[in-house]
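Spelled out, the chains give:
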Amino acid sequence: MEVRKERSEAAAGLPGREELEAINRFAKTPLAAEQVYTFTLRLCDNEVDRDFERFDAAALERLGELFVGKSGVFDHQWSARGQTARIYRTEVTREPSMTTAAGDEYRWLKGWAYLLRTEKNADLIAEIEGGIKKEVSVGCSVKHSVCSICGAEGGCRHVRGQAYDGKLCFTELRNPTDAYEWSFVAVPAQRGAGVLKRFGQEEEQTARLRREAALGRKYLSALRREVVRLAMLADDRLDGGVLSKAAERMEEPELLAMRDAYAAQAARRFPAAPQLRPRPAEAGEDAGAFQI
């Protein structure tokens, strides 16, 4: 999750009139703008996370509804003493120029949060402004957890994080039933989750990293196909399907070594024929003479 300051007032964490009205829906006594500090958060997205799980697009929309009014804590410790801020509105943001590892349009859930400007919260506000308190994680429950390879729910033979016929295996989380809290953490499961910065540097960096990751996946896929092709040329008794599955489990160093080994075997089996063949010498000609 990231915090974004989008206007001059927001840069100071001061809410506008409409923002303050939304905040006061949760306050027992109406608050003035100078009594609260506001910031925005990237709560979660539809990208495959470190646990090889992801929310689908419909789940993000539902989580947006469920997270309104939910408190922020620290390290998912459910304690009233740890309550720091509250989300007062959300919105799903679409990034048409970005694609997830699953191949669909990248989307993320943006949340607007507030906390009181008290002596107790002064250090926390300073840490948010200084980029110290930045990463967040969400706590929620979902009704369905589905395998991306076979569509099975509740367990199957596929292993999360492994590739099957070039497709990454992950669990897709669908139909959220509850959102418990959001929490400041040291290492979030979702790589992009955090407090949003003012000028979108992190969004640009994330987009660049996604492009580089996509190129890396394309390169490895092409390298695996080349290994299988050369292996079949070197020994046509080999099973192409078995080779393809074996190659999916290999990383670049292994693939490069196998490519070079199979290329050498294929070259010995099918040596390159010269483009120009010598013309047989006729009677009386010097067989070693240069001829055109």
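Since we're looking at a predicted model, the values are computed, not measured.

Right, let's get into the overall build of the chain. Helices and strands together make up the secondary structure of the chain, namely 7 helices and 10 strands. Residue burial in the chain is summarised as follows: out of 292 residues, 38% are buried. Residue pairs in contact within the chain that sit at least 24 positions apart in sequence constitute 72% of those at least 6 positions apart.

Quick look at the confidence of the model for the chain now. Mean pLDDT for the chain: 79, with 77% of residues reaching 70 or above. Taken element by element, the predicted model of the chain shows its lowest mean pLDDT in helix H1 (residues 8–11) (41) and its highest in helix H3 (residues 57–67) (94). Note on residues 1–11: pLDDT is under 50 here. Beyond four places in sequence and across chains, it has 54 contacts.

Ala-59, Leu-60, Leu-63, Gly-64, Leu-66 and Phe-67 are the residues of H3 that are buried. Mapping the buried residues of H3 onto a view down its axis gives an arc of 170°, with all of them on the same face. Along H3, the residues that are exposed and aim more than 90 degrees away from the buried face are Ala-58 and Glu-65. Of the surrounding secondary structure, the elements contacted by the buried residues of H3 are strand S1 (36–45), strand S2 (53–55), strand S4 (85–99), strand S5 (105–116), strand S6 (136–147) and strand S9 (171–184).

Turning our attention to the layout of surface pockets. Counted as a void, the second largest pocket has a volume near 290 Å³. Lining the second largest pocket are 14 residues, with Thr-84, Ala-85, Arg-86, Tyr-114 and Leu-116 positioned closest to its centre. Those elements giving two or more residues to the lining of the second largest pocket turn out to be S4 and S5. Element by element, the count of residues in the lining of the second largest pocket is highest for S5, at 3 residues. Looking at the lining of the second largest pocket, its residues break down into 7 nonpolar, 6 polar and 1 charged.

Here Asn-121 lies in the loop between S5 and helix H4 (122–129). Setting aside anything within four residues of it in sequence, one finds Asn-121 in contact with Leu-115 and Leu-116.

Let us look at the nonpolar core. Formed by 26 residues in total, the largest nonpolar core has its most connected members in Phe-39, Leu-43, Cys-44, Phe-67, Leu-109, Leu-115 and Trp-182. Among the secondary structure elements, those contributing two or more residues to this core are S1, H3, S4, S5, H4, S6 and S9. Of all hydrophobic cores here, the second largest spans 12 residues; its members include Leu-223, Val-228, Leu-243 and Leu-255.

Bringing the packing of aromatic side chains into the picture now. Evaluated as defined, the whole model comprises 3 aromatic pairs. Each ring, one from Phe-39 and one from Trp-182, has its centre 6.4 Å from the other, and the planes form 75°; the classification is edge-to-face. With Phe-39 in strand S1 and Trp-182 in strand S9, this pair connects stretches of sequence that are 143 residues apart. Its relative accessible area of 0% is what places Trp-182 among the buried residues. A cation over a ring is seen here: Arg-42 above Trp-108, with NZ or CZ 4.1 Å from the ring centre. Against the face of Trp-112 rests Arg-89, its NZ or CZ located 3.6 Å from the ring centre.

This paragraph deals with unusual backbone geometry. The general pattern is negative phi for most residues beyond glycine and trans for most peptide bonds. One non-glycine residue, Phe-52, lies in positive phi territory at about 55°. Mapped onto the elements of the fold, Phe-52 is located in the loop between S1 and S2. Taking the relative accessible area as the measure of exposure, Phe-52 reaches 30% and is therefore partly exposed. Although it is not a glycine, Asn-175 adopts a positive phi angle of roughly 55°. Residue placement: Asn-175 occurs in strand S9. On the accessibility criterion, Asn-175 (43% relative accessible area) is partly exposed.

Thresholds, definitions, all that
- Residues numbered from 1 in each chain as written.
- Predicted model: local features only at pLDDT ≥ 70, side-chain atom pairs only at ≥ 80, totals over all residues.
- Heavy atoms only, no water.
- Helix = DSSP H or I, 4+ residues; strand = E, 2+ residues; numbered from the N terminus.
- Buried < 20%, exposed > 50% of the residue type's maximum accessible area, 1.4 Å probe, protein only.
- Contact = heavy atoms within 4.5 Å.
- pLDDT = per-residue confidence, 0-100.
- Arc of directions from axis to C-beta.
- 1 Å grid on protein atoms, 1.4 Å probe; cavity = no way out; pocket = protein on both sides within 12 Å on 5 of 7 lines; lining within 4 Å.
- Points joined across faces, edges and corners; volume = space filled by probe spheres on them.
- Nonpolar A, V, L, I, M, F, W, Y, C, P; charged D, E, K, R; others polar.
- Core = buried A, V, L, I, M, F, W, Y, C linked by side-chain atoms within 4.5 Å.
- Phe/Tyr/Trp six-rings, centres within 6.5 Å; stacked < 30°, edge-to-face > 60°.
- Lys NZ or Arg CZ within 6 Å of the ring centre and 35° of its normal.

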